[in-house]
Amino acid sequence: MIDLTITEALEKLKSGKISATELTRAHLDRIEKYNGTLNSFITVTPERALADAAAADERIKNGTARALDGIPIAMKDLFATRGIRTTAASHILENFIPEYESTVSQHFIDAGTVLLGKSNLDEFAMGTFSKTSYFGAPISPWQLERKLNAGGSSGGTTSAVAAGLAMGGTGTDTGGSIRFPCSITGLVGVKPTYGLCSRWGCVAFASSLDTPGPIARTVDDAALLLSVMAGHDPKDSTSANRKTEINVPLQPILGDGKKLRIGLIKEFNDVKISDDMKNLFEKRIADLKSLGAEVVEVSIPNILDALAAYYVIAPAEASSNLARYDGVRYGLRVEGHDIYDTYKKTRAAGFGDEVKRRLIIGTAVLSSSSYEVYFMQAARVRRLIANAFNKAFEQCDLIVCPSGANTAMPLESDLTPLEYYALDLFTVAMNLAGVPAVSVPCGLATNNLPLGMQVVGRMFDDVRVLQLAKHIEQCANMNNRPKTVMGE
Ligand code: GLN
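Remember, it's a predicted structure, so these values are computed and weren't measured experimentally. (Residues numbered from 1 in each chain as written. Predicted model: local features only at pLDDT ≥ 70, side-chain atom pairs only at ≥ 80, totals over all residues. Heavy atoms only, no water.)

Overview of the packing of helix α2 (residues 20–38) against helix α3 (residues 46–61)
It is the contact of α2 with α3, at a shortest axis distance of 8 Å, that shows an interaxial angle of 160°. Looking at the two axes, α2 sits roughly antiparallel to α3. Considering the relative orientation of α2 and α3, their crossing is right-handed. Residues A20, T21, T24, R25 and L28 of α2 lie in contact with α3, whose contacting residues are P46, A49, L50, A53, A54, A56 and D57. (Axes fitted to C-alpha atoms, helices over the stretch in contact; angles between N-to-C directions. Helix = DSSP H or I, 4+ residues; strand = E, 2+ residues; numbered from the N terminus. Parallel < 35°, antiparallel > 145°, perpendicular 65-115°, else oblique. Left-handed = near helix turned anticlockwise from the far one by under 90°. Contact = heavy atoms within 4.5 Å.)

Written as structure tokens, this is what we have:
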């Protein structure tokens, strides 16, 4: 049963071939069996899951089924869930039980999904391998014995979905945290247009960049999840006030003489990527051409500066957002001899090293002596990049580029902070610009590990981005079930 896609499962649930309870039990059994090894979930919620499933079965039986009734999902532990511990993978929120539900998780409740649990991530979503989690890193189910990283920061969800512990799930993408983990675990990850999915109730990292989005095994499944997640939310002032129709199955935009212009980013030609990534990317471009796409070169002149701009803007916003964890209002409190000492002791004990590094950088770049040269300069680069994307989309309909340079590395790889930051090279620019981007598997590398490529579109062109991603998925025609776990 865990082999079904969401689309197939919905069909079987509707026709009564399977029940939501059976489907949920199958996933809970797998979680029981593998979560100890994979560490995909920080908190598993079996009672809630079975109650959700029973309610879904009831609705399906009496003909009031909802859009995703009975589909078991993993919720990144950054989305506040009422009555269920929400940790952001941080010691400082280790025992935080929200009294409210995030808009995104509420949308999933309203759609009838089954909550399996809260999935692991980098602490406050800061990282690339999910190694900064206070609860230990999740690992990838691919070539399990090698203990490969499942990506970050949404690595718990990718680990769970790739291993069949959940049918799909949520992530957040501030600088690549959905796309990068999906690219190295063979999954589809969507960073929607900024503002399409509400951030309300999602623990804030960098508010102008944070983008909730879905993670799934197929493009159609990701589109289904996105159709539930998206929507205007008056509680989030940056939520887009418009309706996006997402119809699944996604319809082809190539073939039968359909015209489409696809842009390749010139500046990325100079970036070193693995031979496998290069070959697979070129193969997929050739496939798109044979389907009738016209391929053109576009220029985003400052795109290689995106990384530097991101690592100024994101920490700056984080230093402000994380000021609220002071031992008074939320979570951990370490008593000091006065209130300032309490702040200091609480934050010193509650935050991990990477979070502290970001807070120090963020505070520095916002200080009066550095603000103009760092923060404002980064903001200008950001504007140039967003303008360049707009201009590029005058010459093409959609852009494609790699999601990363390499396949998954072992979790134990010893990288410096700057080496980790550099892994975001292909993803951060889209967050700075706010444009939608999907990472879709483009094939298996010679080491039999998956690689992903991105489709990027103009603001609110999310559906076409998904449609082109589906063509790539079909061309790659790759088995994205890791043998070690899924092949049993
Ligand atoms: N790797 C990036 C960072 O550490 C991206 C994080 C994210 O998208 N949440 O900031």
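Things to note about the confidence of the model for the chain
Across the chain, pLDDT averages 97, with 99% of residues at or above 70. Helix α16 (residues 483–486) is the least confidently modelled element of the chain, averaging 70 in pLDDT, while strand β2 (residues 72–76) averages 99, the highest of any element. (pLDDT = per-residue confidence, 0-100.)

As for the packing of aromatic side chains
Per the stated rule, a full pass over the model turns up 14 aromatic pairs. A ring pair is formed by F268 and F426, whose centres lie 4.8 Å apart and whose planes are at 65°; its orientation type is edge-to-face. Of the two residues, F268 is situated in the loop between β7 (260–265) and α8 (275–290) and F426 in the loop between α13 (417–422) and α14 (428–433); the sequence distance between them amounts to 158 residues. Across the pair, exposure class does not vary: F268 and F426 are buried alike. Between F389 and F393, the ring centres sit 6.3 Å apart and the planes meet at 20°, which makes this aromatic pair stacked. Of the two residues, F389 and F393 both sit in helix α12 (residues 371–395), four residues apart, roughly one turn of that helix. As far as burial versus exposure is concerned, F389 and F393 are alike and both buried. One aromatic cluster in this structure is built from F96, F124, Y325, Y330 and F351. In this structure, K235 packs its charged tip against the face of W200, placed 4.0 Å from the ring centre. (Phe/Tyr/Trp six-rings, centres within 6.5 Å; stacked < 30°, edge-to-face > 60°. Buried < 20%, exposed > 50% of the residue type's maximum accessible area, 1.4 Å probe, protein only. Lys NZ or Arg CZ within 6 Å of the ring centre and 35° of its normal.)

Some details on empty space enclosed by the protein
Gaps left between atoms show up when a probe the size of a water molecule is rolled over them. Per the stated rule, a full pass over the model turns up two cavities of 30 Å³ or more. Space inside the largest cavity adds up to approximately 90 Å³. Taken together, 15 residues form the lining of the largest cavity, with G127, S177, Y310, Y311 and D424 sitting closest to its centre. Of the residues that constitute the lining of the largest cavity, the class distribution is six nonpolar, seven polar and two charged. Quantified by volume, the second largest cavity comes out at close to 70 Å³. (1 Å grid on protein atoms, 1.4 Å probe; cavity = no way out; pocket = protein on both sides within 12 Å on 5 of 7 lines; lining within 4 Å. Points joined across faces, edges and corners; volume = space filled by probe spheres on them. Nonpolar A, V, L, I, M, F, W, Y, C, P; charged D, E, K, R; others polar.)

Some thoughts on the pattern of salt bridges
The final tally for this structure, using the stated rule, is 18 salt bridges. Here R261 and E294 are joined by a salt bridge, their closest N and O atoms 3.8 Å apart. Linking R261 in strand β7 with E294 in strand β8 (residues 293–298), this pair joins segments that are 33 residues apart in sequence. In this structure R261 comes out as partly exposed when scored by relative accessible area, which is 37%. Since its relative accessible area comes to 43%, E294 is described here as partly exposed. (Salt bridge = Lys/Arg side-chain N within 4 Å of Asp/Glu carboxyl O.)

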